[in-house]
Amino acid sequence: MENKSNNRPAPAPRVFSGVQPTGNLHLGNYLGAIRNFVTLQETYDCLYCVVDLHAITVWQEPSVLARHTREVTAAFLACGIDPKTQIIFNQSAVPAHAELAWVFNCVARMGWLGRMTQFKDKAGKHQQNASVGLFAYPNLMAADILAYKSTHVPVGEDQKQHLELCRDIAQKFNNDFDAPDFFPLPEPLIQGPATRVMSLRDGAVKMSKSDKSDNARINLNDNADLIAKKIRKAKTDPRPLPESEEEATTRPEADNLIGIYAALARQSRGDVIQQFAGRSFAAFKNELSDLAVAVLAPIGEEMSRLMAAPDHVDDVLRDGALRAAAIATPIMDDVKRIIGFVR
Ligand code: TRP
């Protein structure tokens, strides 16, 4: 494999992604991220990280943070990520993340971070009261990725800007220290359609862990009855199902349910619309409910089983951290040598 631009060998492909342990993992996390992680393990060596250092950029209750860390791990396992062939671990267990993040705090510019829309959204009107960590969050994310010289990062729309910043940091580090190609410039892996899952109560806002109404989302650990109830109660408009994709786009709640059905059934929106055009929402919801229960209930059951005795989950994290550190440590040794740290 050759890089077209410079004839140096391309870096070995490696996937990195992270999920925050902040609770309420839901259908949007599954269809938008975790399900793709499962597919990627067939083609790539993958590191899947529970990013607890990122979580504490806003206050977390210590006992709750621990539970949520195990819950994300349980979700990874229940969804089918293989902890033997891939690496599942929590961020704080591998020192390279925090170490490299400090280096990147000194590479990235204030102005770059000041442009990050997620910081502006999260800090809102209270920027002076936000933690320094929340501002520097993208530097830590760049450290996550580059501590392993990862080349590919599955990200949703909301994280694209952070990944671009990561590329800028990699490039500036390579330039500043005259270490061409030391860090790869990681590429986004964009997943197929229907990754944007909207609230079941309002087709205009994303399904969110922090929605006040639990009925707005399907949690990964909801049981079959709850999944069916939430779909039955999902907001729709009074008309039957749309006849065309064009019509669907003008009806956000209908479009969302069609998108969820298509993603769960691994069909295109067009096929789903063709199948159900003109039928009543009551009939469609019955089918959607059966499908959602068939896909999600086993995941929820496996998560409950794992959480009831989390020793296995803890073993997976410990083993993953050792294997992650074995990759990151020699890279960090090179980083320190390049910077001029005496060792
Ligand atoms: N910031 C990501 C999110 O909130 C989580 C994350 C942390 C991440 N480090 C990462 C994602 C590295 C991809 C790669 O969704």
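This text goes with the structure placed above it.
None of these values were measured; they are calculated from a predicted model.

### Here we look at empty space enclosed by the protein
Within this structure, the stated rule accounts for one cavity of 30 Å³ or more. In this structure, the largest cavity spans a volume of roughly 60 Å³. Lining the largest cavity are Leu 113, Met 116, Gln 118, Phe 119, Lys 122, Leu 134, Phe 135, Tyr 137, Pro 138 and His 162. At the level of secondary structure, the elements contributing two or more residues to the lining of the largest cavity comprise α6 (117–123) and α7 (132–146). Considered class by class, the residues forming the lining of the largest cavity number seven nonpolar, two polar and one charged.

### Some remarks on the site of the ligand
Around the ligand, the neighbouring residues are Phe 16, Ser 17, Gly 18, Gln 20, Val 51, His 54, Tyr 137, Met 141, Asp 144, Ile 145, Val 153 and Gln 159. The separation between a nitrogen atom of the ligand and a polar side-chain atom of Tyr 137 is 2.7 Å. Interatomic distance of 2.7 Å between a side-chain N/O atom of Asp 144 and a nitrogen atom of the ligand. Considering the ligand on its own, with 360 Å² of exposed area, one finds that the protein chains cover 88% of that surface. With respect to the detected pockets, the ligand is housed in the largest pocket. Elements represented by at least two residues in the shell around the ligand include exactly β1 (14–19) and α7. The dominant element in the shell around the ligand, judged by the number of residues it contributes, is α7, at four residues. In terms of residue class, the shell around the ligand is built from six nonpolar, five polar and one charged.

### With respect to the nonpolar core
In this structure, Leu 27, Phe 76, Phe 284 and Leu 296 are the most contacted members of the largest nonpolar core, which totals 57 residues. In terms of residues, this core owes the most to one element, helix α13 (residues 281–308), which gives nine residues. Residue-level mapping places this core at the junction of two domains, with at least three residues from each of domain 1 (14–195 + 309–339) and domain 2 (214–305). In contact with Phe 76, not counting residues within four places along its chain, are Val 19, Ile 34, Phe 37, Tyr 48, Cys 49, Val 50, Ile 81 and Ile 88.

### Quick notes on the packing of aromatic side chains
Under the defined criterion, the tally for this structure stands at 16 aromatic pairs. Taking 5.0 Å as the distance between ring centres and 80 degrees as the angle between the ring planes, the aromatic pair formed by Phe 119 and Phe 135 counts as edge-to-face. Of this pair, Phe 119 sits in helix α6 while Phe 135 sits in helix α7, placing them 16 residues apart in sequence. Centre to centre, the rings of Tyr 261 and Phe 284 are 5.6 Å apart; their planes meet at 35 degrees, and the pair counts as tilted. Of the two residues, Tyr 261 sits in helix α11 (residues 252–265) while Phe 284 sits in helix α13, which places them 23 residues apart along the sequence. The two residues Tyr 261 and Phe 284 agree in class, both being buried. An aromatic cluster is built from Phe 104, Phe 173, Phe 177, Phe 182 and Phe 183, whose rings are joined through pairwise contacts. We note Lys 149 situated over the ring of Phe 182; from NZ or CZ to the ring centre the distance is 3.9 Å.

### Comments concerning α13
For α13, with 28 residues, the first-to-last C-alpha span of 37 Å sits near the 40 Å given by 1.5 Å per residue. The largest bend in α13 comes to about 35 degrees, at Leu 296, with the proline Pro 298 one to four residues further on.

### Some thoughts on the pattern of salt bridges
Once their charged atoms are close, side chains differing in charge can pair, the charge on each being opposite to the other. In this structure the tally under the stated criterion is 19 salt bridges. Between Asp 222 and Lys 230 there is a salt bridge whose closest N-O contact spans 2.6 Å. Here Glu 287 makes a salt bridge to Arg 279, at a shortest N to O gap of 3.6 Å. Salt bridges sharing partners connect three or more residues here, namely Asp 214, Arg 217, Asp 222 and Lys 230.

Quick notes on the rules
- Residues numbered from 1 in each chain as written.
- Predicted model: local features only at pLDDT ≥ 70, side-chain atom pairs only at ≥ 80, totals over all residues.
- Heavy atoms only, no water.
- 1 Å grid on protein atoms, 1.4 Å probe; cavity = no way out; pocket = protein on both sides within 12 Å on 5 of 7 lines; lining within 4 Å.
- Points joined across faces, edges and corners; volume = space filled by probe spheres on them.
- Helix = DSSP H or I, 4+ residues; strand = E, 2+ residues; numbered from the N terminus.
- Nonpolar A, V, L, I, M, F, W, Y, C, P; charged D, E, K, R; others polar.
- Near = heavy atom within 4 Å.
- Polar contact = N/O pair within 3.5 Å; in protein donor to acceptor, adjacent residues only side chain to side chain.
- Areas by Shrake-Rupley, 256 points an atom, 1.4 Å probe, with all protein chains shown as cover.
- Sits in = over half its atoms within 2 Å of the grid points.
- Core = buried A, V, L, I, M, F, W, Y, C linked by side-chain atoms within 4.5 Å.
- Buried < 20%, exposed > 50% of the residue type's maximum accessible area, 1.4 Å probe, protein only.
- Domains from an automatic or database assignment.
- Contact = heavy atoms within 4.5 Å.
- Phe/Tyr/Trp six-rings, centres within 6.5 Å; stacked < 30°, edge-to-face > 60°.
- Lys NZ or Arg CZ within 6 Å of the ring centre and 35° of its normal.
- Expected span 1.5 Å × (residues − 1).
- Bend = angle between axes of the 7 residues up to and from the residue.
- Salt bridge = Lys/Arg side-chain N within 4 Å of Asp/Glu carboxyl O.

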